[in-house]
Amino acid sequence: MSAVFVLDAERRPLAPVHPGRARLLLKAGQVAVFKRHPFTIILKRSVAWPAPQRFRLKIDPGSKTTGLALVDEQTHEVVWAAELRHQGARIVERLRARRAVRRGRRQRHTRYRQARFANRRRKGGWLPPSQRSRVQNVVTWVQRLRRLCPIAALSLELVSFDMQALQTPGIEGIQYQQGTLAGCEAREYLLVKWEHACAYCGATGIPLEVEHIRPSSRGGSHRESNLTLSCVACNTAKGTQDIRVFLAHDPERLARILAQAQAPLRDAAAVNATRWALYKRLVELGLPVEVGSGGRTKYNRAQQEMPKTHWTDAACVGASTPEQLRNWQRVRPLLITATGRQCRQMCNVDKRGFPRGKPKGPSRSHGLRTGDMVRAVVTKGVHRGTYIGRVAIKSDGYFKITTRAGEVEGIHARYCRALHRGDGYGYAHGSLAALPPQV
Ligand SMILES: [Zn+2]
């Protein structure tokens, strides 16, 4: 389950309710459906007192997918979660196609174009379009959720590791302690410092172990300057040998590792530009923003024995995370995919860049737009039946509907009723993070 959002008649957000309760309210006719995604109901009366602001929206931004989780700060329940898939790669692809067409057009000399070279200055804080869209996706969803739920605060994973946690008095250097907060922060620190790769063979994308450059059995310390990361194979091969013996055949790599081990890493190195830009935008919204580190997220998630998904990571962001999150086993995340609303291209082109077909028609037909979710009840003809799905409009009024079963073409607009207006995102429901305990 995921909680159902509730608005009062004035469209002010109230505390979300259990779907079972929402069903009863709907049956009793006290509420109406306000929005399908995320599911929101609206009371037919106003509520005299404003709802208590006790919900915290937690965000784990990622390059492909961002996790969102709403946590009730009083009951420590995860009430709602979502995974927001970004469209970075699609934006890059579209810009590349546009660039190719424009370049071809310039080559053809169809008309004189003034040379432009002095108007390409980038403003401070500029982000590439693909990354800007990620920031905008998250800000959009924070604003949307604020309209549906009384959110009091935000938590954001901003950095990979936290220097403060590493330098806690009493911890000598980075002691590598599995399962402690300092140990988790140390691991994240090493991952950034050694660029997520095995120091000995350069392998990436495989499990990495924390490795003592000078083995502890030979008196090597647990300080950060003596630690690196290696793959399981290299770690086993090295065993208790000294690094100078192990890498005797590769003096170049040896020198590089020894130099990098001594170089300290600044905290700032763990913040990437996109997360920083997102943080600035979220602060502008006026809600208190708590920032957390990746090390703490991992530690919190391990403590609660939660599986790793984007939304469970989000639920574990920051120091405010309760020691025992409740109800997370029963949360089914909403899977949100950024699709964009429209295309700005006015005319299709063939592979040589010449216009193909007619220019783009109006984006609205019979009150519907491409991307709207509709329910069509066709009463006669070959398509007799009921269809629920995404509509693609045509100016003649005969639409295409993409349902779960497939595509149906030639459904007339008079049969279609909008269920959910296209809002630039696609929706689906995810599965449970863990099966509920068997009784
Ligand atoms: Zn290796």
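Nothing here was measured: the structure is a model prediction, and the numbers come from that model.

Procedures and definitions
Residues numbered from 1 in each chain as written. Predicted model: local features only at pLDDT ≥ 70, side-chain atom pairs only at ≥ 80, totals over all residues. Heavy atoms only, no water. Patch = residues over 30% accessible without salt bridge, like charges linked within 9 Å, V, L, I, M, F, W, Y side chains within 5 Å. Areas by Shrake-Rupley, 256 points an atom, 1.4 Å probe, with all protein chains shown as cover. Salt bridge = Lys/Arg side-chain N within 4 Å of Asp/Glu carboxyl O. Lys, Arg positive; Asp, Glu negative; His and termini not counted. Charge placed at Lys NZ, Arg CZ, Asp CG, Glu CD. Buried < 20%, exposed > 50% of the residue type's maximum accessible area, 1.4 Å probe, protein only. Pairing = 2+ DSSP bridges. Helix = DSSP H or I, 4+ residues; strand = E, 2+ residues; numbered from the N terminus. Axes fitted to C-alpha atoms, helices over the stretch in contact; angles between N-to-C directions. Contact = heavy atoms within 4.5 Å. Donors = N, O, S within 2.8 Å, 3.2 Å for Na, K, Ca; no water. Tetrahedral: all angles 85-135°; square planar, octahedral: opposite > 155°, others 65-115°.

> It is not clear to me how a positive patch on the surface should be interpreted in this structure. Could you clarify?
Taken together, R98, R99, R102, R103, R105, R106, R111, R113, R116, R120 and R344 make up a surface patch of like positive charges. According to the relative accessible area criterion, R102 is partly exposed, its value standing at 37%.

> Looking at this structure, how should I read the sheet that holds strand β3 (residues 31-35)?
The strand order β2-β1-β4-β3 describes an open sheet built from four strands, whose pairing is mixed. A single partner strand is all that each edge strand has here, and the edge strands are β2 (13-17) and β3. Averaged over neighbouring strand pairs, the angle between their axes works out to 35 degrees when direction is ignored. Lying on the sheet, helix α1 (residues 19-27) is in contact with β1 (4-7), β2, β3 and β4 (40-43); it crosses β3 at an angle near 120 degrees.

> Whenever I open this one, the side chain of S230 confuses me. Can you help?
With respect to the secondary-structure elements, S230 resides in strand β10 (residues 227-231). Sequence-distant contacts of S230, that is, excluding residues within four places in its chain, are made with C198, A199, Y200, P207, L208, E209, E211 and N235.

> Just checking my understanding: could you explain the side chain of T403 for this structure?
Within the secondary structure, T403 is located in the loop between β17 (398-402) and β18 (407-412). Residue T403 is classed as buried on the basis of its relative accessible area of 16%. When sequence neighbours within four positions are dropped, the list of residues in contact with T403 reads Y387, I388, G389 and V408.

> What exactly am I supposed to notice about the pattern of salt bridges here?
Side-chain pairs of opposite charge can arise whenever the charged atoms involved come near each other. Enumeration over the complete set of coordinates arrives at 16 salt bridges. Here R144 ties to D423 by a salt bridge, and the two come within 3.2 Å at their closest N and O atoms. Of this pair, R144 sits in helix α3 (residues 129-148) while D423 is found in the loop between β19 (416-420) and β20 (425-429), placing the two residues 279 residues apart along the sequence. Of the charged contacts, one joins R253 and D250 as a salt bridge, the two residues approaching to 3.5 Å between their closest N and O atoms.

> Would you mind showing me how to read the coordination of the zinc ion here?
Around a metal, the perfect tetrahedron of four donors has angles of 109.5 degrees, and the perfect octahedron of six donors has angles of 90 or 180 degrees. Donor atoms from the polypeptide that bind the zinc ion are C198 (SG), C201 (SG), C231 (SG) and C234 (SG), placed at 2.2 to 2.3 Å. Because the angles between the four donor atoms bound to the zinc ion fall within 99 to 117 degrees, the donor set is best described as tetrahedral. Here the donor residues of the zinc ion share one chain and are spaced in sequence as C-x2-C-x29-C-x2-C. We note that C231, like C234, is buried.

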